[in-house]
Amino acid sequence: MQSPCLKEVTEVCLSGCCSSRSSPLFKSTASHDTASKSGSTSAACRRDFAAKTSSSIFPNTQFTNHESIPSLQKSFSDFTRAYPRYYETAEVDQIRAQEYYHLTQSNHTCLDYIGIGLFSSSQLHKQESSKQKVPSTSTSRLPSPPQNSDYPFFSISYKTGNLKTELLHGGHESELESAMRRRIMRFLNISENDYSMVFTANRTSAFKLVAESYPYKTSRKLLSVYDYESEAVESMINSSEKRGAQVMSAEFSWPRLRIQSEKLRKMIGSKKKKKKKRGVFVFPVHSRVTGSRYPYIWMTIAQENGWHVLVDACALGPKDMDSFGLSLFQPDFLISSFYKVYGENPSGFACLFVKKSAIPVLEASTSTGIVNLVPAQEFLQIGGDSSDTEVEEISRLRLQEDILDISRSFSGLISNHSHRGTPTKRLEQGELSDSAEDGANSEELEISGESERLAKSSKNGNQEVVCRSLDQVDSLGLILITNRARYLINWLVSSLRKLKHPNSEGVPLVRIYGPKIKYDRGPALAFNVFDWKGEKVEPVLVQKLADRNNISLSYGFLHHIWFSDKYAEERGRVLERRDSGAKGMAANKLKAKSGSGISVVTAALGFVSNFEDIYRLWAFVAQFLDADFVEKERWRYTALNQKTIEV
């Protein structure tokens, strides 16, 4: 892809040029002559972007009082002067206003979603509104689902099975599952000729399925590249170790947390030239915590040295697969996760893709974690021999399970047309219509207007699922989405670094881990807040206080950090030790591991995130410049907790 504005270097790439040249894909595929010429241009472009950002965002200014920070309107005006082409992303703001209006209505700043959204809030609520008009065609013995947007129109049901058999033969696939699989593979640009796919309950289940089926007896190693502690990866490591795997991990150099290339190359490399595979190389492409992007060439190096490659695509942006180069790298395994509605319901499922040529390598093993997608009403059908009381109780319990356990729910729209394309729909069990009129008694309902736009049929008459969020992302495209996120995340990084405690030393309020102002950094951020004495405010407290301000953040744990001799003195001050890798894992029989690292607050931007979202986070963090703020809020939070306990 030719960059649209390489000739406009005077605009310092704030317009989003060099998008393709900065992709890690081009670091490994360009010819020598082309790479040297375009590489120098894109490198200069990225340097100019960082320099322009630093000089444009509050130049020569430090904020030592939260009341002195500029207003939202003034900050946005300065922001658009620094990034004039941000206005070209106005279509995203229109989509947010029309399709995700719950964010504005609830005054909610959502910075804790990682993955890809399937549906819009508008789609969900319109479906719910229409559902109330549809006469029930199921047995009257079943209770009606609760009438609110949190109820899953589709659920997932767990099944115990053999991953290898499931991939080879597929089993019985419902129309819903077939439609969803086709839509997701089309969105991710994954060919059904090259890859097979199974739905899994979540990301952790997908990793564990690979670990339980991989032939560690002959390919003994598991090598991962994560700068943060991941429950999914820890689950895979635990299962792999039980099956005899030799576990290794990449390390990340302090302070920028870049991959220790020399060490990783030694771990990947092999002195002996053997035909058999060495093991699994687990590569995340992006860090979903720090926003670091890793060169794709590591996949090529691993493949050349006899590794099966597993790509964790869960942290990729919604259109990043367009520049991934799947046909070039062809990983053996790929995992991606999907959630329901951005800022409203994080439940969903994950997808495990396995290259067809790699399926024979897997071992037969009975595992849990594979799921079926089931329309909710069908999920609630009970055998006819049950009494009314039994039916009601079982249905009630299943409804509660779906509502309360968000990791087991799924929501969306499904539509169907006949082979001739007749705009009619037969209401089967669990199927819903957007066009049912009040008082309709027939099972045949005509679809028109908005419902006709929601309903889609393929040329061969197959059922198709309508995922409006995926459709919106497809229409916006990679460059627009990437540029918007680039402007927002770099403004946030630059602005956070302008906050200093009001003392002579000018102690920074915030420390950012990983990349700082950078053209090709990801839309995720890891940071900590420090008081005027230089002591860290616990990330859990920051997250809870943010939540009270209607800002959703997360927290994580950075690990595998390597300190050179130059930073040896910082090691003791920076690292903290935890007795257990994660609480509650004992119930899953996961080994509790002690280790050193850094607990951090994390924020992640979605494709509909806007300037007000990042400004609100900045203004919230600025409150910690008030020396009394933390103590007052800690006391208030403790008092509220005590009151709750007393009640």
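None of the values given here were measured: they were computed from a predicted structure.

Undergrad: Talk me through the pairing of strand S12 (residues 333-341); I want residue IDs and the actual numbers.
TA: With respect to burial, S12 is a largely interior element, 9 of its 9 residues being buried. Examined bridge by bridge, strand S2 (residues 116-119) and S12 share 3 bridges and lie parallel to one another. Looking across to S12, one finds that phenylalanine 119 is bridged to valine 341. Sheet analysis places strand S11 (residues 307-312) next to S12, joined by 3 bridges and oriented parallel. Note that in S12 the partner of valine 311 across the bridge is leucine 334. The pairing of S12 with strand S13 (residues 345-355) spans 8 bridges and is classified as antiparallel. Along S13, the bridge assignment pairs valine 341 with asparagine 345.

Undergrad: So, the nonpolar core: which residues are in play, and what are the values?
TA: Core analysis: the largest hydrophobic core is formed by 114 residues, its most contacted members being Met236, Leu264, Phe281 and Phe353. Ignoring sequence-local partners within four residues, the contact set of methionine 236 consists of Phe207, Val210, Ala211, Tyr216, Leu222, Val280, Val282 and Leu310. Counting 49 residues, the second-largest nonpolar core is a separate cluster that includes Tyr83, Tyr519, Ala603 and Leu605.

Undergrad: Lay out the confidence of the model for the protein chain in plain terms, naming residues and giving numbers.
TA: Where the model shows low pLDDT, its predicted coordinates should not be examined in detail. The share of residues in the protein chain with pLDDT of 70 or more is 71%, and the mean pLDDT across the chain is 78. Confidence over residues 1-17 falls short of pLDDT 50; this stretch has 40 contacts with residues more than four positions distant or in other chains.

Undergrad: So what's going on with the packing of aromatic side chains? Which residues, and what values?
TA: Scanning the model with the defined rule gives 35 aromatic pairs in all. For the ring pair phenylalanine 620 and phenylalanine 624, a centre distance of 5.5 Å and an interplane angle of 90° mean the geometry is edge-to-face. The pair phenylalanine 620 / phenylalanine 624 is uniform in exposure class, with both members buried. Just above the ring of phenylalanine 187 sits the side chain of lysine 319; from NZ or CZ to the centre is 5.4 Å.

Undergrad: Lay out the pattern of salt bridges in plain terms, naming residues and giving numbers.
TA: Two side chains with opposite charge may pair up if their charged atoms get near one another. Scanning the model with the defined rule gives 19 salt bridges in all. When the shortest N-O distance is used, the salt bridge between aspartate 93 and arginine 484 registers 2.8 Å. Here aspartate 93 is found in helix H4 (residues 90-99), whereas its partner arginine 484 is found in helix H18 (residues 478-496), with 391 residues between them in sequence. The exposure class of aspartate 93 is partly exposed, given its relative accessible area of 29%. The class for arginine 484 is buried, based on a relative accessible area of 1%. A salt bridge links lysine 632 to aspartate 626; the shortest N-O distance between them is 3.9 Å. Lysine 632 sits in the partly exposed class, given a relative accessible area of 47%. Using a relative accessible area of 25% as the deciding quantity, one classes aspartate 626 as partly exposed.

What counts and what doesn't
Residues numbered from 1 in each chain as written. Predicted model: local features only at pLDDT ≥ 70, side-chain atom pairs only at ≥ 80, totals over all residues. Heavy atoms only, no water. Buried < 20%, exposed > 50% of the residue type's maximum accessible area, 1.4 Å probe, protein only. Helix = DSSP H or I, 4+ residues; strand = E, 2+ residues; numbered from the N terminus. Pairing = 2+ DSSP bridges. Core = buried A, V, L, I, M, F, W, Y, C linked by side-chain atoms within 4.5 Å. Contact = heavy atoms within 4.5 Å. pLDDT = per-residue confidence, 0-100. Phe/Tyr/Trp six-rings, centres within 6.5 Å; stacked < 30°, edge-to-face > 60°. Lys NZ or Arg CZ within 6 Å of the ring centre and 35° of its normal. Salt bridge = Lys/Arg side-chain N within 4 Å of Asp/Glu carboxyl O.

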